[in-house]
Amino acid sequence: MEMFGTPLETIYLYGLVISGVVTILYLFFGDALEGITEGIPFVNPTLIFSFVTIFSAGGYLGEIFTSLNSILIAGVSAIIALILVTLLNVFVLIPLSNAEESLVYKESDLRGRIGTVITGIPSDGYGEVLIENISGRISKPAVSFNNSNIPYGKKVLVIDIENGVLQVKLYEELETYI
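As a starting point, this report considers the structure included with it. (Residues numbered from 1 in each chain as written. Predicted model: local features only at pLDDT ≥ 70, side-chain atom pairs only at ≥ 80, totals over all residues. Heavy atoms only, no water.)

**Quick word on the overall build of the protein**
Put simply, the rule reads: Put simply, DSSP H or I for four residues or longer makes a helix, DSSP E for two residues or longer makes a strand, and each gets a number counted from the N terminus. Each residue is assigned to one of three classes by its accessible area relative to the maximum for its type, calculated with a 1.4 Å probe on protein chains only: buried under 20%, partly exposed between the two thresholds, exposed over 50%. Only heavy atoms enter the contact rule, under which two residues are in contact if any of them lie within 4.5 Å.
Scanning the protein from terminus to terminus reveals three helices and seven strands. Walking the protein from its N terminus toward its C terminus, one meets helices and strands in the order β-β-α-α-α-β-β-β-β-β. Within the protein, the proportion of its 178 residues that are buried is 24%. Long-range contacts, defined here as pairs at least 24 residues apart, represent 51% of the contacts in the protein between residues at least 6 apart.

Take a look at the structure:
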């Protein structure tokens, strides 16, 4: 079958190549397009490009390898593309958009945290403190806040951070009597 004097295989192939090029351009310049489509929730360029790519690939393969009617091939390609794009949205894009921030932390977030001394801190020198949290462990250089020796294995409280070095104080737990 022909459309506009061009065989459908050629139109599907052009659609596949153009959607592939646009997808690569979207990878590089997608942030600018995100600002434009931000207010429209149902317009997701990733889903649109994926649909066109899968539809074009299915139509091209259907026209080349089968002798079915072109309208039937287009319908089957559209249904397959719709199913795959829906699965992509539900199982990949929505979970990624709801994911928490990365494991990056700010040094100011360490203030008030409790850590363990892994290299003893002398009164006039540097040691090392290990701070554990849900996403992993952070090991940072440390000095004593009130110039006292802090031995290995003691719990410390982070008072301040200066030039990437923690200023810590021996952590004293309050005892509770019932």
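**Focus: the side chain of Ser50**
Along the chain, Ser50 falls in helix H2 (residues 45-65). Given the relative accessible area of 18%, Ser50 is considered buried. For Ser50, the residues in contact, after removing those within four places along its chain, are Val85 and Leu88.

**Some details on the pairing of strand E4 (residues 127-133)**
Remark: a regular strand shows side chains that alternate across the two faces of the sheet. Here is the rule we go by: Strands are treated as partners if at least two bridges between them are detected by DSSP.
Where strand E3 (residues 114-119) and E4 come together, three bridges link them in antiparallel fashion. Across the sheet, the residue bridging to Thr116 is Leu130, located in E4. In terms of strand pairing, E4 meets strand E5 (residues 136-144) through seven bridges, oriented antiparallel. Paired with Ile131 across the bridge in E5 is Ile138. Connecting the antiparallel pair E4 and E5 is a turn made up of two residues.

**A look at the packing of aromatic side chains**
This is how it is decided: Only Phe, Tyr and Trp rings take part, Trp by its six-membered ring, and two of them pair if their centres are within 6.5 Å. Stacked means planes under 30 degrees apart, edge-to-face means over 60, and tilted covers everything else.
Under the definition given, this model contains three aromatic pairs. Look at Phe51 and Phe55: their rings are 6.1 Å apart centre to centre, the planes differ by 5°, and that puts the pair in the stacked class. Here the residue Phe51 and the residue Phe55 both occupy positions in helix H2, the gap between them amounting to four residues, near one helical turn. Taking the relative accessible area as the measure of exposure, Phe51 reaches 27% and is therefore partly exposed.

**Remarks on the sheet that holds strand E7 (residues 165-170)**
Applicable threshold: Interaxial angle, 0 to 180 degrees, is taken between N-to-C directions of lines fitted to C-alpha atoms, where a helix line uses only the stretch in contact.
Strand order in the closed barrel formed by five strands is E3-E4-E5-E7-E6, and the pairing between neighbours is mixed. Taking the axes of each pair of neighbouring strands and ignoring which way they run, one obtains an average angle of 55° across the sheet. Bridge count for strand E6 (residues 155-162) against E7 is six bridges, and the pairing is antiparallel. Note that in E7 the partner of Leu157 across the bridge is Lys169.

**Overview of the pairing of E5**
The sheet contact formed by E5 and E7 spans three bridges and is parallel. Among the inter-strand pairings, Ala142 is bridged to a residue of E7, identified as Leu166.

**Things to note about the environment of Arg137**
For Arg137, the position within the fold is in strand E5. Residue Arg137 is classed as exposed on the basis of its relative accessible area, which comes to 63%. Once residues lying within four places of it in the same chain are set aside, the contact partners of Arg137 are Leu130, Ile131 and Glu132.

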